[in-house]
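One-letter residues, chain by chain:
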Amino acid sequence: RHPALELDRLSVDYRVRGRDLPVLKDVTLTIRRGEAYGLVGESGSGKSTVALALQRVLPANGRISSGTAKVRGYDIATLDPHELRKVRAREIAMVFQDPGKALNPSLTIGRQMSEVFEILGASRGDAWTRGEEMLARVRISGPSRVMASYPHQLSGGMQQRVVIAMALAKDPALLILDEPTTGLDATIEAEVLDLVQALRREFGASILFISHNLGAIAGLCDRVGVLYAGRLVEEGDAREIFARPRHPYTAGLLRCLPRAGIRKGEGQLDTIPGFPPPPGSIPVGCVFAPRCGLARDRCRTETPPLYGVGPGHGSRCHFHDEVHELPHVGTVAAV
Ligand code: ATP
Ligand code: MG
């Protein structure tokens with residue numbers, strides 16, 4: 001049995017004004033069957049590029065410059081177009097941030113739900129029934145009313161439930177959720193996260209969950225990868241990462257999470273000071289050094305390898321043994 005996803009030293013460039021900007025560099029990660037993997041990083045770190053590259057749907061100026069992406073063993077870069085379409089249709093489902101964009105505004109939910117099942121080979125009447133059942137499975141009460149509705153008649157949270165139902169309908173090998181709760185209010189966000197958690201158990205789906213918010217990942221994911229300027233700087237079991245981060249960037253992300261009982265101005269930071277480097281001007285040595293509280297000369301000359309710091313736990317920091325000396329939050333309250 002192949003893993004749901006295997007990225008091996010995946011690198012991606014975007015061509016801008018005659019220059020190839022490296023946006024992903026040697027990203028290696030594996031998502032086993034049934035596992036939920038959280039990919040976290042600031043805006044611009046390359047999270048969506050990972051999701052697009054592994055489906056071979058990069059924008060026209062983007063290309064995989066080296067490395068491989070395999071979905072259930074299929075090497076995405078070398079599949080012929082016919083096979084690629086089949087693998088995408090059967091094995092991969094993606095849920096984006098904006099459910100409004102995934103739904104056709106001029107068709108009822110019923111038409112769109114049953115179309116998914118018709119493509120999978122069901123008859124018209126059967127497809128409608130299965131669509132309605134699928135809505136019930138994502139905890140939509142009154143599915144027949146929702147089937148008759150147009151997208152704009154539903155709330156954002158309800159639309160996202162419908163999109164998730166459509167994604168799960170084909171029982172994909174890999175379900176990608178790219179910031180599925182960004183833009184929803186906090187209550188709805190919690191509901192959608194609960195739903196994904198429940199569906200994970202029910203469907204046993206393998207999940208790539210992309211978010212800039214470690215808190216959203218905390219309750220949901222088994223493993224976490226932390227992306228910074230296109231590099232996976234830390235990876236490990238979610239509990240281990242939250243309890244004992246071994247990269248200063250991860251510690252910084254944890255420090256920025258809202259904490260129960262602490263008001264703003266009481267030592268809580270909203271963001272890590274400074275900005276990530278733009279893809280065109282990546283510093284020599286460690287990419288995080290310019291913003292890092294632990295950085296010293298070695299960090300500005302020598303690129304850190306992925307140090308093994310525990311079972312299944314890696315960190316690209318020369319000084320991973322000192323990260324615990326940085327202030328960070330030991331426990332994470334899931335959003
Ligand atoms: P966000 O949290 O904002 O969604 P992200 O982590 O998903 O960010 P990406 O969208 O993957 O980041 O973008 C990674 C980098 O690549 C960014 O610097 C972005 O500006 C750049 N980029 C994205 N698409 C293109 C493109 N088509 N051409 C050139 N640069 C691009
Ligand atoms: Mg993105």
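Everything numeric here is computed off the predicted structure, so don't read it as measured data.

Side note on the overall build of the protein
For the protein, the helix and strand inventory stands at 11 helices and 12 strands. In terms of overall size, the protein behaves like a compact globule, its C-alpha atoms giving a radius of gyration of 21 Å where 335 residues would be expected to give roughly 20 Å. For the protein, the spread of C-alpha atoms along the principal axes amounts to about 70 × 50 × 40 Å. A buried classification covers 41% of the 335 residues belonging to the protein. The long-range fraction of contacts in the protein, counting pairs at least 24 apart against all pairs at least 6 apart in sequence, stands at 66%.

Section: the site of ligand 1
Lining the immediate environment of ligand 1, one finds 16 residues, of which Tyr14, Ser43, Lys47, Ser48 and Thr49 sit closest. For the shell around ligand 1, the secondary-structure elements that each account for two or more residues are β1 (5–16) and α1 (47–53). Ranked by residue count, the leading element in the shell around ligand 1 is α1, at 3 residues.

Section: the pairing of strand β9 (residues 223–228)
With respect to burial, β9 is a largely interior element, 6 of its 6 residues being buried. Residues of β9 alternate between two faces, with Arg223, Gly225 and Leu227 on one and Val224, Val226 and Tyr228 on the opposite face, all of them buried. Here strand β3 (residues 36–40) pairs with β9 via 4 bridges, running parallel. Looking across to β9, one finds that Leu39 is bridged to Gly225. Note that β9 and strand β10 (residues 231–237) share 6 bridges and pair antiparallel. The partner of Tyr228 across the bridge, within β10, is Arg231. Counting the residues that bridge the hairpin from β9 to β10 gives 2 residues, and of these Ala229 lies at a positive phi of roughly 45°.

Thoughts on the nonpolar core
Judged by nonpolar contacts, the single largest core of 89 residues is most densely connected at Ala165, Leu208, Phe209 and Ile217. At 8 residues, the largest contribution of residues to this core is made by helix α7 (residues 156–169). Setting aside residues no more than four positions away along its own chain, Leu208 makes contact with Leu5, Ile31, Tyr37, Leu39, Ala51, Leu174 and Ile176.

Looking at the sheet that holds strand β8 (residues 207–211)
Spatial ordering of the open sheet is given by β6-β7-β8-β3-β9-β10-β12-β11, a layout of 8 strands whose pairing is mixed. In the strand order of this sheet, the two ends are held by β6 (92–95) and β11 (307–310), each with one partner. Sheet twist, expressed as the mean angle between neighbouring strand axes with direction ignored, is 20°. Bridging between β6 and strand β7 (residues 174–178) involves 4 bridges; their strand directions are parallel. Among the inter-strand pairings, Ile92 is bridged to a residue of β7, identified as Leu174.

Here's the deal with unusual backbone geometry
The phi torsion at Arg9 lies on the positive side, around 45°, for a residue other than glycine. The residue Arg9 is located in strand β1 in this model. Here the phi dihedral of Asp171 falls at roughly 50°; this positive angle occurs in a residue that is not glycine. With respect to the secondary-structure elements, Asp171 resides in the loop between α7 and β7. Among the residues examined, Asp171 registers 14 C-beta atoms within 10 Å and is labelled partly exposed.

Quick word on the sheet that holds β1
Paired through backbone hydrogen bonds, the strands of a sheet run either parallel or antiparallel to each other. Strand order in the open sheet made by the 4 strands is β2-β1-β4-β5, with antiparallel pairing throughout. Among the strands making up the open sheet, the edge pair consists of β2 (19–31) and β5 (74–75). Bridge count between β1 and strand β4 (residues 62–71): 8 bridges; the pairing is antiparallel. Paired with Asp8 across the bridge in β4 is Thr68.

Rules used in this analysis
Residues numbered from 1 in each chain as written. Chains lettered and ligands numbered in written order. Predicted model: local features only at pLDDT ≥ 70, side-chain atom pairs only at ≥ 80, totals over all residues. Helix = DSSP H or I, 4+ residues; strand = E, 2+ residues; numbered from the N terminus. Rg over C-alpha atoms; globule rule 2.2 N^0.38 Å. Buried ≥ 20, exposed ≤ 12 C-beta atoms within 10 Å, placed from the backbone. Contact = placed C-beta atoms within 7 Å. Near = placed C-beta within 6 Å. Pairing = 2+ DSSP bridges. Core = buried A, V, L, I, M, F, W, Y, C linked by C-beta atoms within 7 Å. Axes fitted to C-alpha atoms, helices over the stretch in contact; angles between N-to-C directions.

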